[in-house]
Amino acid sequence: RSAGVPFMVQALITAELRVGSTKSLYYAMSHLLQLCATRERSAESRTHALNILRALFRCTDLNEAVVEYVCDGVMCAIRGYNAETWSEKNSATLLFAALMTRIFGVQRTRDSDNLNVRNKMTGRVFFLCYPKLYDFFLAQLQEASALVQQQQKAHNLHPLLLLLSRLYPSALEGSESNLKVCLSLLSSRKHFYNFLMLGLLAVNRVYTVHSKLCELSRNADALSSGKSCCGARLQGCHTGHCAANMC
């Protein structure tokens, strides 16, 4: 977490902000974002820059002052998912989480699949607020799609889909809008994959029950007077009850 360096930078910037000046904020944000975007610097330098950016985006005293840097911050965070070192990837995920809270607000429900409408935004409003992200998302999705077709891992696909899942089509858009079709498709596929995962979990539990029953029938004599028989029966009953509830 870069120890206390992010909080030192935050304290200096907020102190100057109280007297009506934003020169330090502009200087710090421009240099930090430039440092995160370049590959010539070391991974350690980019890690510290990501940690400082996270502290600045989370600071409540800089609410409106950092809004203009959200686009560049999201770009740096998503690019950080493709980093070679674990420390840089970890800092990028933390920065992305801070930016999600900055954009959509604090999550009001515990269930991440059924978010409150206040934690969402229409695609039209989102891309009007952050216009640079439209072309960036399109380029990143094309790059990730090419990697998936080559059966390679696309690390930046997770944050992209996570952010796009918070968007929904606007009633002001036409029925032929590319953005509306894209968001509707993402929403339908999300529900399909959730249903598919529930089905796979239920099938897996049924298979577990079947394997435990076969084990009991094969080793009836050996398990008749031991704790293994009791444990296998309890596990089979519990798994079968969970599978029945899921179905």
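As shown above, the structure is provided for reference.
Summary of the structure given here.

Thresholds applied
Residues numbered from 1 in each chain as written. Predicted model: local features only at pLDDT ≥ 70, side-chain atom pairs only at ≥ 80, totals over all residues. Heavy atoms only, no water. Helix = DSSP H or I, 4+ residues; strand = E, 2+ residues; numbered from the N terminus. Buried < 20%, exposed > 50% of the residue type's maximum accessible area, 1.4 Å probe, protein only. Contact = heavy atoms within 4.5 Å. Areas by Shrake-Rupley, 256 points an atom, 1.4 Å probe, with all protein chains shown as cover. Expected span 1.5 Å × (residues − 1).

### Some words on the overall build of the chain
- From N to C terminus, the chain includes eleven helices and two strands.
- When the helices and strands of the chain are read in sequence order from the N terminus, they spell out α-α-α-α-α-β-α-α-α-β-α-α-α.
- Residues counted as buried form 36% of the 247 residues belonging to the chain.
- Nonlocal contacts in the chain, meaning residues at least 24 apart in sequence, comprise 62% of its contacts between residues at least 6 apart.
- Carbon and sulfur atoms form 57% of the exposed surface of the chain, whose accessible area is close to 15500 Å².

### Remarks on unusual backbone geometry
- A positive phi is found at Q151, a non-glycine position, where the angle reads about 60°.
- Inspection of the secondary structure puts Q151 in the loop between α7 (132–149) and α8 (157–164).
- On the basis of relative accessible area, Q151 is assigned to the exposed category, the value being 76%.

### Overview of helix α5 (residues 86–104)
- Helix length check: α5 (19 residues) gives 27 Å between terminal C-alpha atoms against 27 Å at 1.5 Å per residue, within 8%.
- Buried within α5 are the following residues: E88, N90, S91, A92, L94, L95, F96, A98, L99, M100, I103 and F104.
- One or two steps after α5, the chain reaches G105, where phi turns positive at roughly 85°.

### Here's the deal with the environment of F104
- Residue position: F104 is located in helix α5.
- Taking the C-alpha atoms as reference, F104 lies 9.8 Å from V117; in sequence the two are 13 residues apart.
- When near neighbours in sequence (up to four residues on either side) are disregarded, F104 contacts R118, N119, K120, M121, F126, L163, R166 and L167.

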